[in-house]
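# Residue-level structural notes
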Amino acid sequence: MQTLGISGSDVKAEGRLKSLLWPSVRTSNDVDYLGTQGYWVCFIVGVLSLLLSAVEGHPIAALFVLFFYYLGGVGVREHSRYAALVVFVMFLIDSLGGGNPAFRILIAALLLANLRATWIASRWKPGADESAAVPRFNETWGDKFADQFPMWLWPKIRIVFYIYSVGFLLLTSIGIVILIERRLLF
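The shown structure was predicted, so the numbers you read here are calculated from the model rather than taken from an experiment. (Residues numbered from 1 in each chain as written. Predicted model: local features only at pLDDT ≥ 70, side-chain atom pairs only at ≥ 80, totals over all residues. Heavy atoms only, no water.)

### Quick word on unusual backbone geometry
Located in the positive-phi region is histidine 79, a residue other than glycine, with phi close to 65°. Position of histidine 79 among the secondary structure elements: in the loop between α3 (59–77) and α4 (81–95). Overall, histidine 79 belongs to the partly exposed group, its relative accessible area being 21%. (Helix = DSSP H or I, 4+ residues; strand = E, 2+ residues; numbered from the N terminus. Buried < 20%, exposed > 50% of the residue type's maximum accessible area, 1.4 Å probe, protein only.)

### A word on the nonpolar core
A general feature of soluble globular proteins is that nonpolar side chains tend to end up buried together. Val45, Phe68, Tyr69, Phe91, Leu111 and Phe161 are the most contacted members of the largest nonpolar core, which has 33 residues in total. Sort the elements by how many residues they give to this core and helix α6 (residues 141–185) lands first, with nine residues. Dropping the residues within four chain positions of it, valine 45 is found in contact with Tyr69, Phe91, Ile107 and Leu111. In this structure, Val25, Val31, Ala117 and Ala121 belong to the second largest nonpolar core, which totals five residues. (Core = buried A, V, L, I, M, F, W, Y, C linked by side-chain atoms within 4.5 Å. Contact = heavy atoms within 4.5 Å.)

### A closer look at a nonpolar patch on the surface
Together, Trp40, Ile44, Leu48, Leu51, Leu52, Phe103 and Phe145 make up an exposed nonpolar region whose accessible area comes to about 590 Å². Broken down by element, the residue count for the nonpolar patch peaks at five residues, all from helix α2 (residues 28–55). Looking at where phenylalanine 145 falls in the secondary structure, it is placed in helix α6. (Patch = residues over 30% accessible without salt bridge, like charges linked within 9 Å, V, L, I, M, F, W, Y side chains within 5 Å. Areas by Shrake-Rupley, 256 points an atom, 1.4 Å probe, with all protein chains shown as cover. Salt bridge = Lys/Arg side-chain N within 4 Å of Asp/Glu carboxyl O.)

### A closer look at the pattern of salt bridges
Tallying each qualifying case throughout the model produces two salt bridges. One salt bridge connects aspartate 32 with arginine 77, and the closest N-O pair in it is separated by 2.9 Å. Of the two residues, aspartate 32 is situated in helix α2 and arginine 77 in helix α3; the sequence distance between them amounts to 45 residues. Residue classification places arginine 77 among the buried positions, given a relative accessible area of 0%.

Structural measurements only, silent on function.
Here it is as structure tokens:
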């Protein structure tokens, strides 16, 4: 399979840290890699937010936050610039509520790089052989979870995510404003 160029273990020209913080796109493999990487970044941010919200005593809100970041990650996997933007904006709004500043800055940098990578990947259309679509694998649970499921889910949930994200951003913004006012008054 390696001779056909469809193996899942490509040799990357750049390191993991560079691909996370300042990705570049040269081939359709890079486009696919950035989508998968963005999906996992959003998923991990969602799980961390779930855990922090649950520890703070907000288990229902934690589920809504996880749902938001997961669906945003599905959109990022499918190269939706809107999904990458609202995930980044949501994290910035949520960061106004407090938390560890160094950790928040690191996650915000990852999500900003994710937004940039999604923007680059969504515009990738060279006319060479490198632009052929990379096949999505279906061999392991990770393949099914990160490759097949987003491809199946995003067309069905896209409009619902647009509506949900706008409402969730508004509610979170109102909640943060109230929280900041309480801090200033007391």
